[in-house]
Amino acid sequence: MAENTLDAPVSPAHVSPAPARPRAGRAPYALLRHAGGSLLPWLLPVSLLVLWQLGASQGWISEQVLPSPHFVWLTLQDLYTSGDLWLNVHASLQRVLVGFAVGSALGLALGAAMGLWRPLEAYLLPTFNALVQIPVLAWLPFVLLLVGIGEPLKYILIAKAALVPVTLNTLQGFRQTPVSLLEVARVYGYTRRQQVLEVVLPYALPTLFTGLRLGFTKAWLSLVVVELVASSEGLGYLIVYGRQLFQLDLVMAAVIVVGAIGYAIDKLLDLAESRVSANQAGTRLGVSNTGARL
């Protein structure tokens with residue numbers, strides 16, 4: 001007679017665990033934590049703005065030294081309605097875009113050449129690293145003697161600022177391709193040009209984009225420095241003009257515009273870099289799988 005299976009002891013290993021029940025209130029807590037993480041970066045600037053307004057309203061700081069946020073906002077509105085804001089923003093953007101384009105093109109070419117040809121790197125990189133240590137402002141008197149105080153002066157200094165990070169990141173990007181993938185490409189009969197375009201460049205592209213982003217940041221910072229020294233229009237000129245007239249509301253308004261434009265452009269480049277990195281991750285996986293199958 002068969003044993004009654006209902007009376008047989010049950011091993012703990014054969015007991016299926018009960019499904020976990022979601023904790024009550026866990027979703028709202030996660031939502032609040034996400035909202036707190038999104039608002040956290042704004043805590044410091046909002047706190048500084050509140051302290052600024054509080055100090056101005058209580059008279060802790062003289063308005064001749066630091067005008068109130070409301071006064072600065074009125075100055076921004078006046079600059080916008082008069083057209084002076086757009087005129088100076090347009091001049092600054094034109095300078096930085098031209099200088100950044102020239103510096104980035106030279107940096108990509110120089111970094112790729114050193115990355116693909118090691119003897120050229122051995123000759124140029126030590127000298128390049130030495131020149132990198134000289135700040136942009138130190139080149140101003142020398143370039144001023146060569147080209148004068150016109151627009152070429154600004155283009156050259158901005159291009160130099162963008163050249164450095166673009167070159168170094170391009171060199172690093174062209175050197176980070178795994179040797180195993182290059183060997184796979186040789187086995188498949190890839191030419192040198194095909195190896196560069198189909199193997200090396202996909203791996204280097206995220207690093208190249210990082211270099212371009214850093215190059216634009218350096219170019220934007222150098223633009224303001226150059227316009228502070230030698231310019232008759234632009235955001236840097238607005239800062240100098242306001243300081244000369246002791247209109248610190250104009251100085252603060254120009255500083256806010258410089259920071260806002262730089263932050264917005266950096267965010268756009270960050271978004272583009274993230275998309276490029278995501279696309280290249282799939283390309284790398286496909287190339288790696290091809291090498292593994294071989």
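The rules behind the values
- Residues numbered from 1 in each chain as written.
- Predicted model: local features only at pLDDT ≥ 70, side-chain atom pairs only at ≥ 80, totals over all residues.
- Heavy atoms only, no water.
- Helix = DSSP H or I, 4+ residues; strand = E, 2+ residues; numbered from the N terminus.
- Buried < 20%, exposed > 50% of the residue type's maximum accessible area, 1.4 Å probe, protein only.
- Contact = heavy atoms within 4.5 Å.
- Areas by Shrake-Rupley, 256 points an atom, 1.4 Å probe, with all protein chains shown as cover.
- UniProt positions renumbered as here; feature names shortened; annotations may be inferred.
- Polar contact = N/O pair within 3.5 Å; in protein donor to acceptor, adjacent residues only side chain to side chain.
- Salt bridge = Lys/Arg side-chain N within 4 Å of Asp/Glu carboxyl O.
- Core = buried A, V, L, I, M, F, W, Y, C linked by side-chain atoms within 4.5 Å.
- Expected span 1.5 Å × (residues − 1).
- Arc of directions from axis to C-beta.
- pLDDT = per-residue confidence, 0-100.

Participant: Is there a simple way to explain the overall build of the chain in this structure?
Facilitator: Tallying secondary structure elements over the chain gives 11 helices and zero strands in all. Per-residue burial for the chain yields a buried fraction of 33% across its 294 residues. Relative to all contacts within the chain whose residues are 6 or more apart in sequence, the contacts with residues 24 or more apart total 73%. Accessible surface, the chain as shown: approximately 18700 Å² in total, 68% of it carbon and sulfur.

Participant: Quick question: what am I supposed to make of the UniProt feature "transmembrane region" (unreviewed entry) in the chain here?
Facilitator: Per the UniProt record, "transmembrane region" (unreviewed entry) is found at residues 96-117, 123-147, 219-239 and 245-265. What you have in residues 219-239 is 76% helix and 0% strand, and the ends, taken at the C-alpha atoms, are 18 Å apart.

Participant: When you look at the side chain of Asn-169 in this model, what are you seeing that I'm missing?
Facilitator: Looking at where Asn-169 falls in the secondary structure, it is placed in helix H7 (residues 151-175). A relative accessible area of 11% places Asn-169 in the buried class. Within the structure, Asn-169 has its side chain in polar contact with the backbone oxygen of Pro-165 (distance 2.8 Å). Excluding its chain neighbours within four sequence positions, the residues that come into contact with Asn-169 are Thr-207, Leu-208, Thr-210, Gly-211 and Leu-214.

Participant: Help me understand the pattern of salt bridges, please; the structure alone is not making it clear to me.
Facilitator: Opposite charge on two side chains permits pairing when their charged atoms draw close. Enumeration according to the criterion identifies seven salt bridges in this entry. With its nearest N and O atoms 2.6 Å apart, the salt bridge here joins Glu-227 to Arg-95. Separated by 132 residues along the polypeptide, Glu-227 in helix H9 (residues 192-229) and Arg-95 in helix H4 (residues 84-116) bring together distant segments of the chain. Take Arg-95: its relative accessible area is 2%, and that puts it in the buried class. Linking Lys-154 and Glu-151 is a salt bridge whose minimum nitrogen-to-oxygen distance equals 3.9 Å. You can see Lys-154 and its partner Glu-151 sitting in helix H7, three residues apart, about one turn around the helix. Here Lys-154 falls in the buried class, since its relative accessible area comes to 2%. A relative accessible area of 29% places Glu-151 in the partly exposed class. By sharing partners, the salt bridges in this structure join Arg-95, Glu-151, Lys-154, Glu-227 and Glu-233 into a single network.

Participant: Just checking my understanding: could you explain unusual backbone geometry for this structure?
Facilitator: Here Phe-246, not a glycine, exhibits a phi torsion of approximately 60°, which is positive. Positionally, Phe-246 belongs in the loop between helix H10 (235-244) and helix H11 (248-293). The exposure class assigned to Phe-246 is exposed, which follows from its relative accessible area of 55%.

Participant: It is not clear to me how the nonpolar core should be interpreted in this structure. Could you clarify?
Facilitator: Side chains of a nonpolar character, in soluble globular proteins, are inclined to be buried together. Residues Val-89, Val-96, Ala-219, Trp-220, Leu-235, Val-257 and Ile-261 are the most contacted members of the largest nonpolar core, which totals 26 residues. For this core, the elements supplying multiple residues, two or more each, are helix H3 (69-82), H4, H7, H9, H10 and H11. Val-89 has contacts with Leu-235, Val-257 and Ile-261, leaving out every residue within four places of it along the chain. In this structure, Ala-112, Val-196, Ala-204 and Leu-208 belong to the second largest nonpolar core, which totals 11 residues.

Participant: Any chance you could explain helix H2 (residues 43-58) here in plain terms?
Facilitator: Since the α-helix packs 3.6 residues into each turn, any two residues three or four apart lie on the same face. In a regular helix each residue adds 1.5 Å, so 16 residues correspond to 22 Å; H2 covers 22 Å between its end C-alpha atoms and thus fits that length. Among the residues making up H2, those that are buried are Trp-52, Gly-55 and Ala-56. Projected onto a plane normal to the axis of H2, the buried residues spread over an arc of 95° and lie on a single side. Residues of H2 that are exposed and point over 90 degrees away from its buried face: Leu-43, Val-50 and Gln-58. Where H2 terminates, the next one or two residues include Gly-59, which has phi positive at roughly 80°.

Participant: Is there a simple way to explain the confidence of the model for the chain in this structure?
Facilitator: Parts of the prediction with low pLDDT should not have their coordinates interpreted in detail. Across the chain, pLDDT averages 78, with 82% of residues at or above 70. The weakest mean pLDDT in the chain belongs to helix H1 (residues 26-39) at 57; the strongest belongs to H4 at 90. Ignoring residues within four places in sequence, the model shows residues 1-15, a span with pLDDT below 50, making one contact including any to other chains. Contacts of residues 290-294 to residues separated by more than four positions or lying in other chains number five contacts, the stretch itself having pLDDT below 50.

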